[in-house]
Amino acid sequence: MRIRMTVMAALATLAGSIGLYPLFEEHGWFWAGLGAVLAVSGGGLLSRRLRLPAPFNLLFGLLALLLYLNLVYAADTAWLAVIPSPESIGRLADLNDAGWQAANRYAAPVPLLPGISMMAAAGVGLVAVLVDLLAVRLRRTAPAGLPLLAMYSVPAAVREDGVSWLAFGVGALGFLGLLMADARERLGGWGRTVTTRRRQREVPMAGAGFRPEDTATSLDAAALAASGRRIAAVAVAVAVLVPAAVPGLHPRGVLGLGGGEGGGTQTVTTPDPLVSLKRELTRLDDSVVLTYRTDDRQAPDYLRLYALDRFDGDRWTYSPLKSSSRDRLTGDDLPPPPGLTVADTREVTTTVEVRPEVKNMTFLPVPYAPSSVSIKGDWRVHDQSLMVYSLRDSAGGRSYTVESLRAEPTSGQLAAGGDYPADVVSHYTAVPRNIPREIRQLAQQVTDGSGTALSQAVKLQRWFTQTGGFTYDLSAPAPQHGSDLVDFLLHSKRGYCEQYAASMALMARILGIPSRVAMGYTPGSEVRPGEWVVRSRDAHAWPELYFQGSGWVRFEPTPAGAAGQGTADAPGYSLPAISGGGPESDTAPAPESSSQAEDDAAAPTAGPQHRGDTGPEGAAAPEDGEDDGFSATPWLAGGLLVLLLMAVPMALRLYTRRRRWAALTAPPGPEDRPAAGRPPGRPPGAADRSGAPDAAGAAHAAWRELRADALDHGLEWRSSDSPRATARRLGELLELDAAGARALTRVARAEELARYSLSRSPDPPERLRADVRTVREAFAASVGRRTRWRARLLPPSTLAQTRDTFHSATGRVLDVTARLNDLPARLRRK
C-alpha cells in the first residue's frame, strides 16, 4: 500500500498548492483543496490495497475526487448525498461554467465564489491524482514534479509579480521530502543495515592485563542522510536566492527588501492597469479606496493613476518607463504640463488619504496636472505624462498633499489651437497598420462635416453617449484583442468604461488627433463640504486628447448616471452647443468659430488640427516597429529549436557509434608496448604498437554496438545470457537469413573469445563492423515502421546511456560527500 509514500505525496501536493495563493482573495480555497487531496489519497490507497493494475489507480483517484466534489458542492441533488446522480453532475457542470465565467470576469485575486472554489478544488485534486499515480504507484518520483510545477505556472502566467520566494521554497521542500522518502523506501527494500567485524582492540580489565574486544562498524547512514539534507537545503537556497539577485529581475532588489538605488535606470513594471480596473469595478463589497479634501470651488477633477499612450492592436498600455534617481520627488516643482501655454488655469490643493487595506498601489492617484507632491518614501515622476510612481513603496495607508494646475480651456481656445509638435504627432497618433478598414471608415462617418479637431472630438463623444446606440454593461468581457473592439463598435455596442475610452482614443488617433487613455478614479461622492470619498465602483477610464495651448484635456464618452458610470461627468467644453436651428445643427461648442470652421473645411491646410478632406491613411501615422499582424519569425525559430532538440538523441547515438569504431584506428602512443593480449593501462579498442587494432577491443566494440541496436529496435536483451545464447535466441526470434545468421554468429564468437580466451578472433575489425551493420539491417526488417523511426530518431540506448552516466555521476558525488564527512574523524584519529 506504501502508506508513507502516500502521505508524502499528499503533503508535497499541498505544499505545491500554496503557490496558488495570489489567485484568490480568501483562504477557503486551500481547505477545499485539502479535502480533495485527502479523497484522492484514499482512492489510491484502496486501489493499491486491492492490488489492482496501475490504470485502476488513476481511475480510483478520479472517482474519489468526483465523490468529494459531489459531496461538498452538490450533496442536495446526489443520491444519499454522496453517489453522483444526473442532477448532481449537472449541478457540478453549472458550477464549473459559473466559475469559468467568474474567472474571466474578475482579475486576480478573484473572490472565492462557489464555482471558483470548486474549480480550485478540482485542479488541486487532479494534480494529486497525477502525483499519487507517478510517485506512489509507478515509483517514478522525479516526473511527479511536473504536475507540481504546473501549479506554479498558473499564477506566474496570470500575475506579473508571480509567486513569492517563501511559497516557492515551501513547495520545493515538499518535493524534496517526497524524493527523500522514496529514496529511503528503496534503500529499505534491501533489508537491514549489515555490520561487519573489522578488527580487535585491547581494553584494560578490572584486574591486571588486557582483554581483546571486537569492534563492529557499519555504514554511517546518519551521516549520509545529513549530507542529503544539506544538499537539499543548499539547492533550495540557490533556487530562491540566485534569481532574486540577478540584476533586472526584481526592481525591489533581493527578495524585495531593497534595491533600486544608484544612478542606473530601471524599467517600471506593474500589473495590467485595465485588468485592475475590471476587478475594481466588479468588486462585490464596493470598499472605500481613499478619502480626500480639496479647496476646489467647483466639482473636483478626476484622480488619474495611469496614462496609457501605446495601442498595440489589441490593448492599451503605457510605454516602458525608464526610472532613475533623477526622477525622485525632492519637494521642488514638477515639470510643467506639456502644451499648457494658453488656457486659463487655477491652483488646487488636494490632501489624499489612502486606506490601509489597499495593496500594491504603486502609482499615486492625483488630479491632473500635478505641480508638486508631498509624500514620504521613494516616489518619482515621469516627465512626459506626470505619472507619480514608486519602485518599492505602496500608497496604502499613506496620506499626501498634491498641488495641481487645473486647466479651464474655453471652446474657442481649443478650436483655435496651433499645430501639433512633431514629437506629439509621431507618438500619440500612431496606430498599427492592421486596424480594420471598417473602423477607419466609421471614424470618418461619425465626424463627417467637422472642420476642427474639437468638433470631431465632440461628435465622437456625443456618438458614444447619445446617438450611437451604446449600452453600459459591466458584465461585458474585457477586450483582449482588436476584434473585441471591432465587435464593440460595430455589433454588440455593450461595454463599460474601458471599451468606451479605448475606442474613442483609437478613433481620435485615426482622425489624426493625439490621444491616450487615462485610468484612475472619478471624484467620488461628497460626504461633507470639501471632503470626498472614493470607492472601488468609482474606478474609471477616459480618453485624453491633446490641443496645443491647452495640453491634455479630458473627454467623457462613457454614459453617466444610473444607466452608466454613476459619478462620471463630461466637462463643459466637450458638450455640443445647440444653435437656433435645433439639434441637427450641432457643430462645435464654440459658436463664434462656426464660420471659421466652414472656411477651414473648404481650404486644405497643413495644420494637424484642421481636418478638411484628409483621409484616415493620411491622418494616422503607423506606429514604429509595428508589423502587419502575423510574424512567421517566432514560429520558425521555435520550430527550428524543437527540431534541434529532437535531433539530440539521434546525434548522440551517431556520435557514440562513430567514437566506438574510431577508437580501433587510433594512432599508436609512445607508451604502447607489445605483449600478449591487451597491455595493461591501454583501454579496450586502442591500437597496439604496430598500429594494428586490438582484437579484443574490436570484439567488445562490436558486441556493445549490437546490444545498442537491439535495444533501439525494441528487442529483449538479457545481460545474464552468454554471447552464444544471445545469438541463438535472437536468431530464432528474427528468423534471419543465412547471411544474417552468419554475421550474428561471427560477432558472438568474437565476443566469446575476447571474454574467455587469450587467443585472438580470426575476424578483422572491418569484418565485425560489416557484420554489425548486417545484423542492424535484419533488426530493422523485423520490426514495424514506427519502431524503425523510433530507433533512428529517439534511440532508447542513448536514453539508457544517459541514465547510466547520471547514476554514475551521482554515485561519485555521494562517494566524495561521504569522504568529506569522514574527514574530521580521520583527522582526530591522527
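From a predicted model like this one, the values you see are computed outputs, not experimental measurements.

**Observations concerning unusual backbone geometry**
Phase 1: That bond from Tyr 368 to Ala 369 is cis: its omega, 0°, falls within 30 degrees of zero.
Phase 2: Within the element layout of this structure, Ala 369 appears in the loop between strand 10 (366–367) and strand 11 (370–374).
Phase 3: The phi dihedral of Asn 360 falls on the positive side, at around 60°, and the residue is not glycine.
Phase 4: Secondary-structure assignment places Asn 360 in the loop between strand 9 (344–354) and strand 10.

**Structural notes on the packing of helix 3 (residues 54–73) against helix 5 (residues 114–137)**
Phase 1: For the pair helix 3 and helix 5, interaxial distance at closest approach is 10 Å and the crossing angle is 160°. With respect to their mutual orientation, helix 3 and helix 5 come out roughly antiparallel. Considering the relative orientation of helix 3 and helix 5, their crossing is right-handed. In this structure, helix 3 uses Ala 54, Asn 57, Leu 58, Gly 61, Leu 62, Leu 65, Tyr 68, Leu 69 and Tyr 73 to contact helix 5, whose residues at the interface are Pro 114, Ser 117, Met 118, Ala 121, Ala 122, Gly 125, Leu 126, Val 129, Asp 132, Leu 133 and Arg 137.
Phase 2: When its residues are assigned to classes, the contact of helix 3 with helix 5 shows 14 nonpolar, four polar and two charged.

**Comments concerning the nonpolar core**
Phase 1: Among the nonpolar cores identified, the biggest contains 87 residues, and Leu 364, Phe 464, Leu 489, Met 507 and Phe 555 are the most heavily contacted of them.
Phase 2: For this core, the element with the most residues is helix 15 (residues 497–510), which contributes ten residues.
Phase 3: Setting aside anything within four residues of it in sequence, one finds Phe 555 in contact with Leu 454, Ala 457, Val 458, Gln 461, Met 504, Trp 542, Pro 543, Leu 545, Phe 547, Tyr 573 and Ser 574.
Phase 4: Among the nonpolar cores identified, the runner-up in size contains 40 residues, and Val 37, Val 110, Ala 122 and Ala 144 belong to it.

**What to know about the sheet that holds strand 21 (residues 551–554)**
What holds strands together in a sheet is hydrogen bonding between their backbones, with the strands either parallel or antiparallel.
Phase 1: In spatial order, the strands read 10-5-17-20-21; together these five strands make up an open sheet with antiparallel pairing. In the strand order of this sheet, the two ends are held by strand 10 and strand 21, each with one partner.
Phase 2: Of the pairings in the sheet, the one linking strand 5 (residues 303–308) to strand 10 comprises two bridges and is antiparallel in character. Along strand 10, the bridge assignment pairs Leu 303 with Pro 367.

**Description of the sheet that holds strand 4 (residues 288–294)**
Phase 1: Strand order in the open sheet formed by six strands is 11-14-9-4-19-18, and the pairing between neighbours is antiparallel. Of all the strands in the sheet, just strand 11 and strand 18 (525–528) have a single pairing partner and so form its edges. Across the sheet, the axes of successive neighbouring strands diverge by a mean angle of 30°, strand direction being ignored.
Phase 2: Of the pairings in the sheet, the one linking strand 4 to strand 19 (residues 531–535) comprises five bridges and is antiparallel in character.

**Topic: the pattern of salt bridges**
Phase 1: All chains considered together, the criterion is met by 28 salt bridges.
Phase 2: Between Arg 406 and Asp 296 there is a salt bridge whose closest N-O contact spans 2.5 Å. One end of the pair, Arg 406, is in strand 14 (residues 399–408); the other, Asp 296, is in the loop between strand 4 and strand 5, and 110 residues separate them in sequence. Comparing Arg 406 with Asp 296 shows no difference in burial state: the two are buried.
Phase 3: As a salt-bridge pair, Arg 776 and Glu 705 come within 3.8 Å of each other at their nearest N and O atoms. Pair noted here: Arg 776 is in helix 22 (residues 765–782) and Glu 705 is in helix 19 (residues 695–712), with a separation of 71 residues, a long-range link. Of the two residues examined, Arg 776 and Glu 705, each falls in the buried class.
Phase 4: Among the charged side chains, a network of salt bridges with common partners joins Arg 653, Arg 657, Glu 705, Asp 709, Asp 712 and Arg 776.

**What about the packing of helix 19 against helix 21 (residues 738–756)?**
Phase 1: Running from amino to carboxyl end, helix 19 crosses helix 21 at an angle of 130°, the nearest separation of the two axes being 8 Å. One element, helix 19, and the other, helix 21, form an angle in the oblique class. The interaxial crossing formed by helix 19 with helix 21 has left-handed handedness. Here Ala 696, Ala 699, His 700, Ala 702, Trp 703 and Leu 706 of helix 19 come into contact with helix 21, specifically with Leu 744, Val 747, Ala 748, Ala 750, Glu 751, Ala 754 and Arg 755.
Phase 2: Considered class by class, the residues forming the contact of helix 19 with helix 21 number ten nonpolar, one polar and two charged.

**A few points about the pairing of strand 4**
Phase 1: Burial runs high along strand 4: five of the seven residues are buried.
Phase 2: Judged from the five bridges that link them, strand 4 and strand 9 form a sheet pairing that is antiparallel. Residue pairing in the sheet places Thr 291 in a bridge with Glu 353 of strand 9.

**Things to note about helix 12 (residues 437–446)**
Phase 1: Among all positions in helix 12, only Ile 439, Arg 440, Leu 442, Ala 443 and Val 446 are buried. Taken end-on, helix 12 shows its buried residues confined to a sector of 160°, consistent with a single buried face. Along helix 12, exposed side chains directed more than 90 degrees from the buried face belong to Arg 437 and Gln 445.

**So, the packing of aromatic side chains**
Phase 1: As enumerated under the stated definition, the model contains 24 aromatic pairs in all.
Phase 2: Taking 5.8 Å as the distance between ring centres and 35° as the angle between the ring planes, the aromatic pair formed by Phe 363 and Tyr 389 counts as tilted. With a gap of 26 residues between them, Phe 363 in the loop between strand 9 and strand 10 and Tyr 389 in strand 13 (residues 388–389) connect regions that are remote in the sequence. As far as burial versus exposure is concerned, Phe 363 and Tyr 389 are alike and both buried.
Phase 3: The rings of Trp 463, Phe 464, Phe 470, Phe 488 and Tyr 500 are connected pair by pair, giving a single aromatic cluster.

**Quick word on the environment of Pro 796**
Phase 1: Locating Pro 796 in the fold gives a position in helix 24 (residues 796–829).
Phase 2: Overall, Pro 796 belongs to the partly exposed group, its relative accessible area being 25%.
Phase 3: Spatially, the C-alpha atoms of Pro 796 and Asp 709 are 9.3 Å apart, while their sequence positions differ by 87 residues.
Phase 4: Excluding anything up to four places from it in sequence, Pro 796 contacts Leu 711, Asp 712 and Arg 790.

**Points about the side chain of Thr 13**
Phase 1: Along the chain, Thr 13 falls in helix 1 (residues 3–17).
Phase 2: With a relative accessible area of 1%, Thr 13 lands in the buried category.
Phase 3: Those residues within four positions of Thr 13 in sequence are excluded, and the remaining contacts are Val 37, Val 124, Val 127, Ala 128, Val 131, Leu 148 and Met 151.

**Focus: the pairing of strand 20 (residues 539–547)**
Phase 1: Burial of strand 20 is extensive: nine of the nine residues sit out of reach of the surface.
Phase 2: Here strand 20 shows no split at all, with Ala 539, Ala 541, Pro 543, Leu 545 and Phe 547 on one side and His 540, Trp 542, Glu 544 and Tyr 546 on the other all buried.
Phase 3: Sheet topology places strand 17 (residues 515–521) next to strand 20; seven bridges connect them, and they run antiparallel. Looking at the pairing, Gly 520 lines up with His 540 of strand 20.
Phase 4: In the sheet, strand 20 pairs with strand 21 via four bridges, with the strands oriented antiparallel. Within strand 21, the residue paired with Phe 547 across the bridge is Gly 551.

**Concerning the confidence of the model for the protein chain**
Phase 1: Mean pLDDT over the protein chain: 77, with 72% of residues reaching 70 or higher.
Phase 2: With pLDDT under 50 throughout, residues 215–219 is counted as low confidence; its partners more than four residues away or in other chains account for 13 contacts.

**Things to note about a nonpolar patch on the surface**
Phase 1: Side chains of Leu 71, Val 72, Trp 79, Leu 80, Val 82 and Ile 83 sit close together on the surface and give an oily, nonpolar patch of about 590 Å² of accessible area.
Phase 2: Relative to the helices and strands, Val 82 resides in the loop between helix 3 and helix 4 (86–105).

**Some words on a negative patch on the surface**
Phase 1: On the surface, a cluster of negative charge is made up of Asp 332, Asp 333, Glu 347 and Glu 403.
Phase 2: As for its position among the elements, Asp 332 is in the loop between strand 8 (321–323) and strand 9.
Phase 3: On the accessibility criterion, Asp 332 (54% relative accessible area) is exposed.

Calculation rules
Residues numbered from 1 in each chain as written. Predicted model: local features only at pLDDT ≥ 70, side-chain atom pairs only at ≥ 80, totals over all residues. Heavy atoms only, no water. Helix = DSSP H or I, 4+ residues; strand = E, 2+ residues; numbered from the N terminus. Axes fitted to C-alpha atoms, helices over the stretch in contact; angles between N-to-C directions. Parallel < 35°, antiparallel > 145°, perpendicular 65-115°, else oblique. Left-handed = near helix turned anticlockwise from the far one by under 90°. Contact = heavy atoms within 4.5 Å. Nonpolar A, V, L, I, M, F, W, Y, C, P; charged D, E, K, R; others polar. Core = buried A, V, L, I, M, F, W, Y, C linked by side-chain atoms within 4.5 Å. Buried < 20%, exposed > 50% of the residue type's maximum accessible area, 1.4 Å probe, protein only. Pairing = 2+ DSSP bridges. Salt bridge = Lys/Arg side-chain N within 4 Å of Asp/Glu carboxyl O. Arc of directions from axis to C-beta. Phe/Tyr/Trp six-rings, centres within 6.5 Å; stacked < 30°, edge-to-face > 60°. pLDDT = per-residue confidence, 0-100. Patch = residues over 30% accessible without salt bridge, like charges linked within 9 Å, V, L, I, M, F, W, Y side chains within 5 Å. Areas by Shrake-Rupley, 256 points an atom, 1.4 Å probe, with all protein chains shown as cover. Lys, Arg positive; Asp, Glu negative; His and termini not counted. Charge placed at Lys NZ, Arg CZ, Asp CG, Glu CD.

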